[in-house]
Amino acid sequence: MRKRTEPVALEHERRTASGSPSAGPAAAALDADCRLKQNLCLAGPGPAEPRCAADAGMKRALGRRKGLCFRLRKILFFVLGLYVAIPFLIKLCPGIQAKLIFLNFVRVPYFIDLKRPQDQGLNHTCNYYLQPEEDVTIGVWHTVPTVWWKNAQGKDQMWYEDALSSSHPIILYLHGNAGTRGGDHRVELYKVLSSLGYHVVTFDYRGWGDSVGTPSERGMTYDALHVFDWIKVRSGDNPVYIWGHSLGTGVATNLVRRLCERETPPDALILESPFTNIREEAKSHPFSVIYRYFPGFDWFFLDPITSSGIQFANDENVKHISCSLLILHAEDDPVVPFQLGRKLYNIAAPSRSFRDFKVQFIPFHSDLGYRHKYIYKSPELPRILREFLGKSEPGRQH
């Protein structure tokens, strides 16, 4: 702009100096225009500068927005890729599915010393170890009836073993997956059963808690059989009941079927929150919701379970069981759907194997909030057990 205004200024000076007649009003106007242009040049960018700064700020905001969208797209593609990859990973490595079924690596509560059940409020409980097979050791808890609480203080394992021959009935408790025999809800159930006058014998399957060995359905069933036989050697004619919870119901029906086949059945079987078979349970489990409608769900997720030798076929086992059966299930169970427990009962009730024994199904309304593992809180449980186990001799009732 300065270069263009310089000739005009020089021309104005020449005309003024020469005294030209046209230097009057026109010259004054030209002089004012020239000064205005010079002032504009000296003033610099002026009001355009804020507009440039605003444009730069908008560009930076747009850049940040584009960067955020790019990162979100990367995360979305990663999650989508992981979602698609997991089924193939499980199919190629069936052992992953087995670990998810057993969850024996999840030890809750942590930092618990299983050798000291008294730390969990079980001051009338003894801890000891049995060896079902070579290289397999399982940790066992034996809780005597509460009425013996004072007598049990300071007693050794021999005293507890001899106590099994007393007149009090015995419950062999088979827990579900994850955790240990010292799980909070399990300990609370032991206390309830002990207060009702039962001996409670429970243990951790091989690979759980402080038990040594590798988990498998066959191994878990054999561990349960070993503990049952160990009890029977010491219990004399006392009734022995088997109580299974969740995955433990699969172990329980495997065990009782085997006992019935060798004609040494227990006095009764109690199944808490049972399923029909592991395939149906896996398909109904909340963890499978995001894949339930995935193409090839059975092939990707259920077939690897079967190929790992895991069946827990409660629906098939109950057809070969000949002892009284009690099923307990909460309607609001989020882990094992209530309809699977009802379906199992509908399979068992008309079975010929139960024609001389009673089969009973006890539902717990969802308003009670017992869900998957809190049925022990029911004030009706003592009455239910008293009425059922007190009449567990032959004489079918539904």
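Rules behind the numbers
- Residues numbered from 1 in each chain as written.
- Predicted model: local features only at pLDDT ≥ 70, side-chain atom pairs only at ≥ 80, totals over all residues.
- Heavy atoms only, no water.
- UniProt positions renumbered as here; feature names shortened; annotations may be inferred.
- Helix = DSSP H or I, 4+ residues; strand = E, 2+ residues; numbered from the N terminus.
- Salt bridge = Lys/Arg side-chain N within 4 Å of Asp/Glu carboxyl O.
- Buried < 20%, exposed > 50% of the residue type's maximum accessible area, 1.4 Å probe, protein only.
- Pairing = 2+ DSSP bridges.
- Right-handed = clockwise from strand over helix to strand, strands pointing away.
- Contact = heavy atoms within 4.5 Å.
- Polar contact = N/O pair within 3.5 Å; in protein donor to acceptor, adjacent residues only side chain to side chain.
- Axes fitted to C-alpha atoms, helices over the stretch in contact; angles between N-to-C directions.
- Left-handed = near helix turned anticlockwise from the far one by under 90°.
- Nonpolar A, V, L, I, M, F, W, Y, C, P; charged D, E, K, R; others polar.
- Core = buried A, V, L, I, M, F, W, Y, C linked by side-chain atoms within 4.5 Å.
- Patch = residues over 30% accessible without salt bridge, like charges linked within 9 Å, V, L, I, M, F, W, Y side chains within 5 Å.
- Areas by Shrake-Rupley, 256 points an atom, 1.4 Å probe, with all protein chains shown as cover.
- Expected span 1.5 Å × (residues − 1).

1. Some words on the UniProt feature "transmembrane region" in the chain
Per the UniProt annotation, the sites labelled "transmembrane region" are residues 75–95. Helix makes up 95% of residues 75–95 and strand 0%, with an end-to-end C-alpha separation of 28 Å.

2. Here's the deal with the pattern of salt bridges
This model, assessed by the stated rule, comprises 16 salt bridges. Residues Lys191 and Glu188 are paired through a salt bridge, measuring 3.6 Å at the closest nitrogen-oxygen approach. One end of the pair is Lys191 and the other is Glu188, both in helix α7 (residues 184–195) and three residues apart, which spans about a single turn. By relative accessible area, which is 30% here, Lys191 ends up partly exposed. Glu316 serves as the salt-bridge partner of Lys319, at 3.7 Å between the closest nitrogen and oxygen. A residue is classified by how much of its surface remains accessible, and Glu316, at 35% relative accessible area, is partly exposed.

3. Considering the pairing of strand β5 (residues 240–245)
With respect to burial, β5 is a largely interior element, six of its six residues being buried. Residues Val240, Ile242 and Gly244 line one face of β5 and the alternating positions Tyr241, Trp243 and His245 line the opposite face, and both faces are buried. As judged from the five bridges shared by β5 and strand β6 (residues 268–272), these two strands associate in the parallel manner. By the bridge assignment, Trp243 is partnered in β6 with Ile270. Handedness of the crossover is the feature at issue here: the chain leaves β5, passes through helix α9 (residues 247–261), returns alongside β6, and the resulting connection is right-handed.

4. Remarks on the UniProt feature "active site" in the chain
Look at the UniProt record and you will see "active site" annotated at Ser246, Asp333 and His372. Taken together, the annotated residues stretch across 127 residues yet fold into one region, lying no more than 10.6 Å apart by C-alpha. Taking the relative accessible area as the measure of exposure, Asp333 reaches 7% and is therefore buried. When neighbours within four sequence positions are excluded, Asp333 is seen to be in contact with Ser273, Arg371 and His372. Among the polar contacts made by the side chain of Asp333, one reaches the main-chain amide nitrogen of Val335 at a distance of 2.9 Å. You can see His372 is positioned in the loop between β8 (359–364) and α14 (381–389). We classify His372 as buried; its relative accessible area is 12%. Contact partners of His372, with chain neighbours within four places excluded, come to His245, Ser246, Glu272, Ser273, Asp333, Pro334, Val335 and Val336.

5. Examining the packing of helix α8 (residues 217–235) against α9
Interaxial distance between α8 and α9 falls to 9 Å at its minimum, and their mutual angle equals 60°. Considering only the axes of α8 and α9, their crossing is right-handed. Between α8 and α9, the residues in contact are Glu217, Met220, Thr221, Tyr222, Ala224, Leu225 and Phe228 and Leu247, Val251, Asn254, Leu255, Arg258 and Leu259, respectively. Classifying every residue of the contact of α8 with α9 gives nine nonpolar, two polar and two charged.

6. Concerning the nonpolar core
Judged by nonpolar contacts, the single largest core of 69 residues is most densely connected at Phe102, Leu172, Leu174, Phe203, Ile242, Leu269 and Phe312. When residues no more than four places from it in sequence are discounted, the contact partners of Leu172 are Val201, Phe203, Ala224, Val227, Phe228, Ile231, Tyr241, Ile242, Trp243 and Leu255. Leu122, Ile171, Val187 and Tyr198 belong to the second largest nonpolar core, which has 30 residues in total.

7. Concerning a nonpolar patch on the surface
Together, Leu68, Leu72, Ile75, Phe78, Val79 and Leu82 make up a nonpolar patch on the protein surface, roughly 590 Å² of accessible area in all. Position of Val79 relative to the elements: it lies in helix α3 (residues 48–92). Among the residues examined, Val79 registers a relative accessible area of 47% and is labelled partly exposed.

8. Remarks on α9
Under the 1.5 Å per step criterion, the end-to-end length of α9 is 22 Å for 15 residues, consistent within 8% with the ideal 21 Å. Of all 15 residues in α9, twelve are buried, a share of seventy percent or more. For α9, the full list of buried residues reads Leu247, Gly248, Thr249, Gly250, Val251, Ala252, Thr253, Asn254, Leu255, Val256, Leu259 and Cys260. Positive phi shows up at Glu263, right after α9, with a value of about 65°.

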